[in-house]
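Examining the three-dimensional arrangement
Next come the chains, spelled out residue by residue.
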Amino acid sequence: MSVQKPKDSEIFEAIVAAAIEAGKVVHDIYRGGFDVQRKADASPVTDADNAAEAVILKRLREVAPHIPIIAEEEVAAGRVPAIGNEFFLVDPLDGTKEFIQKRGDFTVNIALIRERSPVLGVVYAPAKSSLFAGDVTTQVAFRSDENTDSSETAARRPIRVRPVPADGVVAVSSRSHSTPETDAYLAQCNVVDRVSVGSSLKFCLVAAGEADLYPRLGPTMEWDTAAGHAVLVAAGGSVWAPGGVPLLYAKPTFRNSYFIASGTLKAPPLAPA
């Protein structure tokens, strides 16, 4: 007897609810005490990373048990399932450095990848009570900033990328990972303001029309970017890899190339890798 697969709309609502539930766990730990450990690559990991990921894995397996899940802490533990044309990407705590340093820019990220591109994505910043979500297929993107303890009662406001301002662009960049290459790239653009923010919120600021450009000329993993990527594309933006080609997923090591995320701005392309 075959099991009926959920519709994308059902998966979308499930990942919104999962992100909020995991975010509440993260925020509870954030307000209390937590231990910081180091993974094999020397990156930090906390109790919140593991607790949030456990919540998300449980919820995703309930709604879509047929879809493989690539989750950051599972991968770090050596548990990497085989993937096909469709899989989830999960970062239970993006911006762990911001979390440890008691800054509120950390997020919970969940995305659905299909044919190497993100089609659904949710980014939830529990310390800010801000949630961003996007469905690329239907071109629906929204944010919610209040009552996010319940996905059913959350106020959802549509978001869209903005036209390029006549006086110049606002660029967002990483608070913890800015590079000389990023500075050199931005020097090519008519940047009138530069906002430093952590985690995948950089994609969301562009998607919400609060910024125009996010260049990332440094290392990232696919679970760092997929959810924000989906939100931005659903809001009318784009994400380009070197050579002016779309940033794709399901790479052998899940490691991204450099990329440029933008709203309506025709940003200078990165040279082919």
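Above this text is the structure in question.
Summary of the structure given here. (Residues numbered from 1 in each chain as written. Predicted model: local features only at pLDDT ≥ 70, side-chain atom pairs only at ≥ 80, totals over all residues. Heavy atoms only, no water.)

**Observations concerning the overall build of the chain**
- Of the regular secondary structure elements, the chain holds seven helices and 15 strands.
- What you see for the chain is a C-alpha radius of gyration of 17 Å, in line with the 19 Å of a compact globule of 273 residues.
- Out of the 273 residues belonging to the chain, those deemed buried represent 55%.
- Long-range contacts, defined as pairs at least 24 residues apart, comprise 61% of the intrachain contacts of the chain with a sequence gap of at least 6.
- Accessible area of the chain: about 11,900 Å², with a carbon and sulfur share of 53%. (Helix = DSSP H or I, 4+ residues; strand = E, 2+ residues; numbered from the N terminus. Rg over C-alpha atoms; globule rule 2.2 N^0.38 Å. Buried < 20%, exposed > 50% of the residue type's maximum accessible area, 1.4 Å probe, protein only. Contact = heavy atoms within 4.5 Å. Areas by Shrake-Rupley, 256 points an atom, 1.4 Å probe, with all protein chains shown as cover.)

**Describing the environment of A111**
- Position of A111 among the secondary structure elements: in strand 5 (residues 107-114).
- As a C-alpha pair, A111 and T225 span 114 residues in sequence and 9.0 Å in three-dimensional space.
- Filtering out sequence-adjacent residues up to four positions away, A111 remains in contact with F87, F88, L89, L120, G121, A226 and A227.

**A few points about the layout of surface pockets**
- Considered as a void within the structure, the largest pocket measures approximately 820 Å³ in volume.
- Put simply, the parts of the chain that give the lining of the largest pocket at least two residues each are helix 3 (72-76), strand 4 (86-94), helix 4 (96-100), helix 6 (201-207), strand 12 (213-216) and helix 7 (222-234).
- In terms of residue count, helix 3 provides more of the lining of the largest pocket than any other element does, four residues in total.
- In the lining of the largest pocket, the residues fall into eleven nonpolar, eleven polar and 14 charged.
- Each pocket or cavity is described by its volume, and for the second largest pocket that value is around 150 Å³.
- Lining the second largest pocket are S117, P118, V136, H229, V233, S238, V239, W240, P246 and L247.
- When residues of the lining of the second largest pocket are traced back to their parent elements, those giving at least two are strand 6 (117-125), helix 7 and strand 13 (238-241).
- Its residues assigned to classes, the lining of the second largest pocket shows seven nonpolar, three polar and no charged. (1 Å grid on protein atoms, 1.4 Å probe; cavity = no way out; pocket = protein on both sides within 12 Å on 5 of 7 lines; lining within 4 Å. Points joined across faces, edges and corners; volume = space filled by probe spheres on them. Nonpolar A, V, L, I, M, F, W, Y, C, P; charged D, E, K, R; others polar.)

**Thoughts on the sheet that holds strand 9 (residues 157-158)**
- Reading across from one edge, 3-4-5-6-7-8-9 is the order of the seven strands in this open sheet, with mixed pairing throughout. The open sheet has two edge strands with one neighbour each: strand 3 (69-71) and strand 9.
- As judged from the five bridges shared by strand 7 (residues 130-135) and strand 8 (residues 140-144), these two strands associate in the antiparallel manner. Looking across to strand 8, one finds that L131 is bridged to S144.
- Sitting on the sheet, helix 1 (residues 8-31) is in contact with strand 4, strand 5, strand 6, strand 7 and strand 8, with an inclination near 30 degrees to strand 6.
- Across the sheet, helix 2 (residues 47-63) lies against strand 3, strand 4 and strand 5, angled at about 150 degrees from strand 4, the strand it touches most. (Pairing = 2+ DSSP bridges. Axes fitted to C-alpha atoms, helices over the stretch in contact; angles between N-to-C directions.)

**What to know about the nonpolar core**
- Ranked by internal contacts, the top residues of the largest apolar core, which has 40 residues, are L89, F132, I159, F203, Y214, L232 and V239.
- Among the elements of the structure, strand 4, strand 5, strand 6, strand 10 (169-174), helix 6, helix 7, strand 13 and strand 15 (259-262) are those that each provide at least two residues to this core.
- Residues contacting Y214, with those up to four places away along its chain left out, are V172, K202, F203, V206, F259, I260 and A261.
- Counting 37 residues, the second largest nonpolar core, distinct from the first, contains I11, L60, V90 and V108. (Core = buried A, V, L, I, M, F, W, Y, C linked by side-chain atoms within 4.5 Å.)

**Here's the deal with helix 2**
- Between its terminal C-alpha atoms helix 2 stretches 25 Å, which fits the 24 Å expected from 17 residues at 1.5 Å a residue.
- Among all positions of helix 2, only A48, D49, A52, E53, V55, I56, L57 and L60 are buried. (Expected span 1.5 Å × (residues − 1).)

**Details of the pattern of salt bridges**
- By the definition in use, this model includes 16 salt bridges.
- Note that R114 and E86 form a salt bridge whose closest N and O atoms lie 2.6 Å from each other. Of this pair, R114 sits in strand 5 while E86 is found in strand 4, placing the two residues 28 residues apart along the sequence.
- Accessibility expressed as a relative area gives 25% for R114, which makes it partly exposed.
- A relative accessible area of 24% means that E86 is categorised as partly exposed.
- A salt bridge links D145 to R143, with the nearest nitrogen and oxygen atoms 2.9 Å apart.
- On the basis of relative accessible area, D145 is assigned to the partly exposed category, the value being 28%.
- Each of E21, K58, R59 and E62 takes part in a single network of salt bridges with overlapping partners. (Salt bridge = Lys/Arg side-chain N within 4 Å of Asp/Glu carboxyl O.)

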